[in-house]
Amino acid sequence: MRLRKTLAATAAGIAVAAGLAACGDAGSDKEGVKVDAKKDCDDKFEAGSRMAELAKAGKITVGHKTDQPGVGFQGATDKVPSGFDIEVAKLLIADLCIDPASDNVNWEETISDNREPYLESGKVDVVLASYSITDDRQKVVGQAGPYMVTGQQVLVATDSKVTGIDDLKGKEVCSVTGSTSLENVKAKGAKGVGADSYSECAEKVLDGTYEAMSTDGTILAGLAAQNEGKLKVVGDEFSTENIGVGYGKDHPEMCEWIDGVLTDAFEDGGWAKAFELTLGPSGVETPEPPKLQACK
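The model shown is predicted, which means the values in this text are computed figures rather than measured ones.

Caption draft 1: Quick peek at the packing of aromatic side chains. Across all of its chains, the model carries six aromatic pairs by this definition. On the basis of an interplanar angle of 55° and a centroid distance of 5.9 Å, the ring pair of phenylalanine 84 and tyrosine 147 is categorised as tilted. Of the two residues, phenylalanine 84 sits in helix H4 (residues 84-95) while tyrosine 147 sits in strand S6 (residues 142-150), which places them 63 residues apart along the sequence. We note that phenylalanine 84, like tyrosine 147, is buried. Plain terms: the ring middles of phenylalanine 84 and tryptophan 271 are 6.1 Å apart, the flat faces sit at 75° to each other, and that makes the pair edge-to-face. Remark: tryptophan 271 occurs in helix H10 (residues 270-278) and phenylalanine 84 occurs in helix H4; sequence separation between them is 187 residues. Given a relative accessible area of 0%, phenylalanine 84 falls into the buried group. Clustering of aromatic rings is evident, with ring pairs tying together Phe84, Tyr147, Phe266, Trp271 and Phe275. Above the plane of the ring of tyrosine 118 lies lysine 123, whose end atom (NZ or CZ) is 5.3 Å from the centre.

Dropping the structure here:
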């Protein structure tokens, strides 16, 4: 499944970005899809499993991004984050009999470089933060899914003559430190430069420090929407990113549980509703759910 067929060309990418503006407005008070907590957790999970522990405690900490409109975003006045990652997280939270809208959910901001450390240390219980599933990451943490498949593109100033990643060989291209996007940029012959956040990269493109930035097209579209008329998405997708849920490697039982919740959401329409709310305003047709990878 490809997430955005319409982002294959520059003009179409701009159109999608404009549609995403509603998803990423700073200060938005959208609550998203209302997800009711399940009521049957007393004997639902195997004793000693991490799911049973979380359900009994009635609390969970979720790692997420804050600078990715439509995917994972939280403005200065937003009480809770919003975006597709957040909507999928709510499905998992509710399955633990925890109300996703309650104070029993701790939304913890994560950046690309601390997602594994946060999971390893137990600072967060799960990570839903545009988290690409990779072999290297699965050596240190667990990853389940994917719940979205996307691809990497390029974001440049509107007056730039760059048409894609091939025009940037030998040139500095910004992406976030610790992300697969940065490695993909280097593999294409560009000089990858790391930053702390995607919004920082966008600012550096706007002020001319770097000619371009690169990451998943969904994220770039949201950033273009926030800077309408100043930035544009260009080029075909040059990678395939399987976006999944991260969990502690000490709790392998979480993989089958996460995949089960995702499967239910694929089948009962919950996943589609989440997509339509957060990424659907772009005008992109809701895709078929992705195929889940086998648990390791």
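After that view of the structure, there is still more to cover.
Caption draft 2: Just helix H7 (residues 198-206), in detail. Inspection of H7 places Tyr198, Cys201, Ala202 and Val205 among the buried residues, and these make up the whole buried set. The arc that holds every buried residue of H7, seen down its axis, measures 100°, which confines them to one face. Phi turns positive, to about 90°, at glycine 208, one or two residues after H7.

Caption draft 3: The nonpolar core, seen in detail. With 41 residues, the main nonpolar core has Ile60, Val62, Phe84, Leu128, Tyr147, Trp257 and Ile258 as its most contacted residues. When neighbours within four sequence positions are excluded, phenylalanine 84 is seen to be in contact with Gly70, Val71, Tyr147, Met148, Trp271, Ala274, Phe275, Thr278 and Leu279. The next biggest cluster of nonpolar side chains, apart from the first, holds 18 residues, and it includes Val193, Val205, Leu223 and Ala224.

Caption draft 4: Highlighting the sheet that holds strand S10 (residues 212-216). Ordered by their spatial adjacency, five strands build an open sheet running S9-S8-S10-S7-S11, and the pairing between neighbours is mixed. Looking at which strands have only one partner, the edges of the open sheet turn out to be strand S9 (191-195) and strand S11 (231-234). Neighbour-to-neighbour, the strand axes of the sheet open up by a mean angle of 35°, direction not taken into account. Inspection of the sheet shows strand S7 (residues 152-157) paired to S10 by five bridges, in the antiparallel sense. Looking at S10, one finds that glutamine 152 is bridged to aspartate 216. Packing of helix H6 (residues 180-187) onto the sheet brings it into contact with S7, strand S8 (172-176), S9 and S10, and relative to S9 it is tilted by some 165°.

About the thresholds
- Residues numbered from 1 in each chain as written.
- Predicted model: local features only at pLDDT ≥ 70, side-chain atom pairs only at ≥ 80, totals over all residues.
- Heavy atoms only, no water.
- Phe/Tyr/Trp six-rings, centres within 6.5 Å; stacked < 30°, edge-to-face > 60°.
- Helix = DSSP H or I, 4+ residues; strand = E, 2+ residues; numbered from the N terminus.
- Buried < 20%, exposed > 50% of the residue type's maximum accessible area, 1.4 Å probe, protein only.
- Lys NZ or Arg CZ within 6 Å of the ring centre and 35° of its normal.
- Arc of directions from axis to C-beta.
- Core = buried A, V, L, I, M, F, W, Y, C linked by side-chain atoms within 4.5 Å.
- Contact = heavy atoms within 4.5 Å.
- Pairing = 2+ DSSP bridges.
- Axes fitted to C-alpha atoms, helices over the stretch in contact; angles between N-to-C directions.

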